[in-house]
Amino acid sequence: MASVRKAGWFVVMAVMMAGWMGVLGSVRGVAEAGVIASGIGDAGSRVEDMAKVQSFLENKVVVQKLVDYGVSPAEAMAKVKAMSAQDLHRLASLTDRAAAGTDSALGFLIGLAILIILIIVILKLMNKEVVVR
């Protein structure tokens with residue numbers, strides 16, 4: 001382990017990672033505070049939540065997963081209609097989060113590009129040659 005620490009590539013990698021953590025640490029998110037409602041609103045929110053869940057259940061990927069697990073879409077919709085308002089609201093908020101990640105493959109492509117660049121940098125630091133034909 002001592003010989004690894006003395007290697008030149010290890011020092012360069014450690015400095016690069018420390019710099020990257022510094023950059024990521026300097027980026028701050030926005031914190032928001034507010035009062036959380038103690039209960040569900042009126043019946044209008046149940047209609048909105050039902051519409052969100054119904055549109056989510058009509059998605060091809062969701063229907064296929066339901067069929068894979070042995071549940072028909074009609075059975076799933078019947079279970080959703082039998083839910084309490086609080087459970088329905090919780091499910092509707094979860095469908096919003098699930099749908100947000102499936103809209104675009106841009107995040108996947110960016111992650112893949114960063115991974116490829118990182119592999120090339122590590123190979124270059126180890127004095128390996130990268131040839132693309």
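Not measured: the values here are computed from a predicted model.

This part covers the overall build of the protein chain. What the protein chain contains, in helices and strands, is seven helices and zero strands. Secondary structure elements of the protein chain occur, N-terminal to C-terminal, as α-α-α-α-α-α-α. Summarising the internal contacts of the protein chain: among those between residues at least 6 apart in sequence, 64% fall at separations of at least 24. Accessible surface, the protein chain as shown: approximately 11,000 Å² in total, 66% of it carbon and sulfur.

Space inside the largest pocket adds up to approximately 290 Å³. As for the largest pocket, its lining consists of M13, M16, M17, W20, M21, I114, I117, L118 and V121. When grouped by side-chain class, the residues that make up the lining of the largest pocket number nine nonpolar, no polar and no charged.

All right, on to a nonpolar patch on the surface then. Taken together, the side chains of L112, L115, I116, I119, I120 and L123 present a nonpolar region at the surface, about 470 Å² in accessible area. For I120, the location among the structural elements is in helix α7 (residues 106–125). Judged by its relative accessible area of 33%, I120 is partly exposed.

What follows is about the pattern of salt bridges. On inspection of all chains with the given rule, the structure shows one salt bridge. For R90, the salt bridge goes to D87, with nearest N and O atoms at 3.5 Å. With R90 and D87 both in helix α6 (residues 85–102) and three residues apart, the pair spans about one turn of that helix. Its relative accessible area of 35% is what places D87 among the partly exposed residues.

Right, let's talk about the nonpolar core for a bit. M50, V53, L57, V62, L66, A76, M77, V80, L88 and A92 form the largest nonpolar core, which has ten residues in total. Contributions of two or more residues to this core are made by α3 (43–57), α4 (60–68), α5 (73–81) and α6. Each residue touching V80, except ones within four places of it in the same chain, is listed here: M50, V53, L57, L88 and L91.

Moving on, we get to α5. Listed in full, the buried residues belonging to α5 are A76, M77 and V80. Each buried residue of α5 lies within a common arc of 100 degrees when the element is viewed along its axis, so the set occupies one face. Exposed and oriented more than 90 degrees from the buried face of α5 are A74, K79 and K81.

Note that D49 resides in helix α3. The side chain of D49 is buried and forms no salt bridge, while K52, the nearest opposite charge, is found at 4.8 Å. Those residues in contact with D49, other than ones at most four positions away along the chain, are L88, H89 and A92.

Attention shifts here to the environment of V80. For V80, the location among the structural elements is in helix α5. Classification of V80 by relative accessible area gives buried; the value is 5%. For the pair formed by V80 and M50, sequence separation is 30 residues and the distance between their alpha carbons is 8.0 Å.

Conventions we followed
- Residues numbered from 1 in each chain as written.
- Predicted model: local features only at pLDDT ≥ 70, side-chain atom pairs only at ≥ 80, totals over all residues.
- Heavy atoms only, no water.
- Helix = DSSP H or I, 4+ residues; strand = E, 2+ residues; numbered from the N terminus.
- Contact = heavy atoms within 4.5 Å.
- Areas by Shrake-Rupley, 256 points an atom, 1.4 Å probe, with all protein chains shown as cover.
- 1 Å grid on protein atoms, 1.4 Å probe; cavity = no way out; pocket = protein on both sides within 12 Å on 5 of 7 lines; lining within 4 Å.
- Points joined across faces, edges and corners; volume = space filled by probe spheres on them.
- Nonpolar A, V, L, I, M, F, W, Y, C, P; charged D, E, K, R; others polar.
- Patch = residues over 30% accessible without salt bridge, like charges linked within 9 Å, V, L, I, M, F, W, Y side chains within 5 Å.
- Salt bridge = Lys/Arg side-chain N within 4 Å of Asp/Glu carboxyl O.
- Buried < 20%, exposed > 50% of the residue type's maximum accessible area, 1.4 Å probe, protein only.
- Core = buried A, V, L, I, M, F, W, Y, C linked by side-chain atoms within 4.5 Å.
- Arc of directions from axis to C-beta.
- Lys, Arg positive; Asp, Glu negative; His and termini not counted.

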